[in-house]
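Analysis of the macromolecular model
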Amino acid sequence: MINFSRIQCVTLHFSESDIDLVIGKSTTVKLIPSASLNQSATVAFTYQIGSDILSKEEHHLIQPLDSVVIPARDVKGVDVKITAQNAGKIILGVNSSSEELQQLDKTFIKISIIHNSALIIINAVIGWIYFVAWSVSFYPQVYENWKRKSVVGLNFDFLAYNITGFIAYGFFNVGLYWVPSVERGGQRVSKISMILVCGAWLFIIVALVITLFKVITWLNYLYYFSYVKLDDWGSLFGDPTKFGLGAFSILFDILFMVQHYVLYRGKLPFYETLQEEEKKSSNKSEF
């Protein structure tokens, strides 16, 4: 008979949070308890695509897994062999009737299955090139501001929109990458998101109409259109590189504003200084 007064709460975790697999290849991960169990526990696996959580692998993305037994008083965990069958994404979770195992909804591993391992390398290389190129692009403007002791030519509308956009972008990535309940909840467009998206498209359409009637120029319309960033959420899914890129952008926007309002506050714009020098030169030539 189980002594309920001595039942402890034990959680499980996989040795990896996400893995990439090529079709036909296998990998082994560990399913590890946070503490030793008083009694052995049988753990079954669940399979999730979107909001559907199934006890059987009906999508044929990975080979179905048999239940595993975590022995009592063992903290090393058990091996779980995962074999890829078809391309796609799936979340492997766990379930158990053991009263000692708690919070099993937070125990999962994200599995991405692709056709060729070269795609992983190409994706990583392009991602880092994109990250470095965008980050480096900010440095010349910082140096130019420092050299001239002025921020003339820097569009502060851009900075305001950029900070707002990337803060929202950052919240989105933090939620998907670090909050498990967000990812494992019902996958549908929320009412708030629907309102925001509809508002964005309404803004685009209205701006297009007034552009056609020549109230604003096409250049201004393109600027307005660029302020609305409608990215592919699937490509943003838990991507720390893009999140870091957003953080860098916010950092540079803040730096530009500090230069304008603190470091170079009250400084004469560079073009005004040149105009004054030209006037002095012309006055001297008249004499």
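What you see is a predicted model; the values in this text were computed from it and never measured.

Description of the overall build of the chain
Scanning the chain for helices and strands turns up nine helices and nine strands. The 287 residues of the chain split such that 31% are buried. For the chain, contacts bridging at least 24 residues in sequence account for 74% of all contacts bridging at least 6.

Quick look at the packing of aromatic side chains
What the rule picks out here adds up to one aromatic pair. The cationic tip of Lys149 hangs over the ring face of Trp146; the distance from NZ or CZ to the ring centre is 4.7 Å.

Description of the side chain of Thr107
Following the sequence through the fold, Thr107 ends up in the loop between strand S8 (88-96) and strand S9 (108-114). Residue class for Thr107 comes out buried when judged on its relative accessible area of 2%. At 2.6 Å, the side chain of Thr107 forms a polar contact with the backbone oxygen of Leu12. In this structure, Thr107 is in contact with Leu12, His13, Phe14, Leu31, Leu92, Gly93 and Val94, ignoring residues within four places of it in sequence.

With respect to the environment of Gly153
Among the secondary structure elements, Gly153 is positioned in the loop between helix H2 (139-148) and helix H3 (156-178). In this structure the C-alpha to C-alpha distance between Gly153 and Gln141, which are twelve residues apart in sequence, comes to 9.7 Å.

Description of the pairing of strand S4 (residues 41-49)
The sheet contact formed by S4 and strand S6 (residues 68-70) spans three bridges and is antiparallel. Each residue of the ladder has a partner; that of Ala41, found in S6, is Ile70. Of the strand pairs in this sheet, S4 and S8 are connected by six bridges, and their pairing is antiparallel. Note on S8: the bridge partner recorded for Phe45 is Val94.

Some thoughts on unusual backbone geometry
Its identity as a non-glycine residue notwithstanding, His60 has a phi of 60°, on the positive side. In this fold, His60 is placed in the loop between strand S5 (52-54) and S6. In this model, Gln103 sits at a positive phi of 55°, which is unusual for a non-glycine residue.

Looking at a nonpolar patch on the surface
A surface patch of nonpolar side chains, about 970 Å² in accessible area, is lined by Leu202, Ile205, Val206, Leu208, Val209, Ile210, Leu212, Phe213, Val215 and Trp218. With seven residues, the single largest contributor to the nonpolar patch is helix H5 (residues 191-212). You can see Leu212 is positioned in helix H5.

Structural notes on the sheet that holds strand S7 (residues 78-83)
Here three strands make up an open sheet; going across it, the order is S1-S3-S7 and the pairing antiparallel. In this open sheet, the two strands that pair with only one neighbour each are strand S1 (12-14) and S7. Taking each pair of neighbouring strands and ignoring which way they run, the sheet shows an average axis angle of 30°. Two strands pair when backbone bridges link them, and S1 and strand S3 (residues 26-33) are joined in this way by three bridges, in the antiparallel orientation. Its bridge partner lying in S3, Leu12 is registered against Pro33.

With respect to the pattern of salt bridges
Evaluated as defined, the whole model comprises two salt bridges. Two residues, Arg148 and Glu144, come together in a salt bridge whose shortest N-O distance is 3.7 Å. Taken together, the residues Arg148 and Glu144, both in helix H2 and four residues apart, mark about one turn of the helix. Given a relative accessible area of 19%, Arg148 falls into the buried group. A relative accessible area of 34% means that Glu144 is categorised as partly exposed.

A look at the confidence of the model for the chain
For any part of a model where pLDDT is low, the fine detail of the predicted coordinates should not be relied upon. Across the chain, pLDDT averages 77, with 71% of residues at or above 70. Per-element confidence in the chain is highest for S7, whose mean pLDDT is 95, and lowest for helix H7 (residues 233-236), whose mean pLDDT is 40. Low confidence marks residues 232-238, where pLDDT is under 50. Its contacts with residues over four positions away, or in another chain, come to 15 contacts.

Quick look at the nonpolar core
Ranked by internal contacts, the top residues of the largest apolar core, which has 29 residues, are Leu31, Phe45, Ile82, Leu92 and Ile111. Of all the secondary-structure elements, those providing two or more residues to this core are S1, strand S2 (18-22), S3, S4, S6, S7, S8 and S9. At four residues, the largest contribution of residues to this core is made by S4. When neighbours within four sequence positions are excluded, Phe45 is seen to be in contact with Phe14, Leu54, Ser55, Leu65, Asp66, Val68, Val80, Leu92, Gly93 and Val94.

Conventions adopted
Residues numbered from 1 in each chain as written. Predicted model: local features only at pLDDT ≥ 70, side-chain atom pairs only at ≥ 80, totals over all residues. Heavy atoms only, no water. Helix = DSSP H or I, 4+ residues; strand = E, 2+ residues; numbered from the N terminus. Buried < 20%, exposed > 50% of the residue type's maximum accessible area, 1.4 Å probe, protein only. Contact = heavy atoms within 4.5 Å. Phe/Tyr/Trp six-rings, centres within 6.5 Å; stacked < 30°, edge-to-face > 60°. Lys NZ or Arg CZ within 6 Å of the ring centre and 35° of its normal. Polar contact = N/O pair within 3.5 Å; in protein donor to acceptor, adjacent residues only side chain to side chain. Pairing = 2+ DSSP bridges. Patch = residues over 30% accessible without salt bridge, like charges linked within 9 Å, V, L, I, M, F, W, Y side chains within 5 Å. Areas by Shrake-Rupley, 256 points an atom, 1.4 Å probe, with all protein chains shown as cover. Salt bridge = Lys/Arg side-chain N within 4 Å of Asp/Glu carboxyl O. Axes fitted to C-alpha atoms, helices over the stretch in contact; angles between N-to-C directions. pLDDT = per-residue confidence, 0-100. Core = buried A, V, L, I, M, F, W, Y, C linked by side-chain atoms within 4.5 Å.

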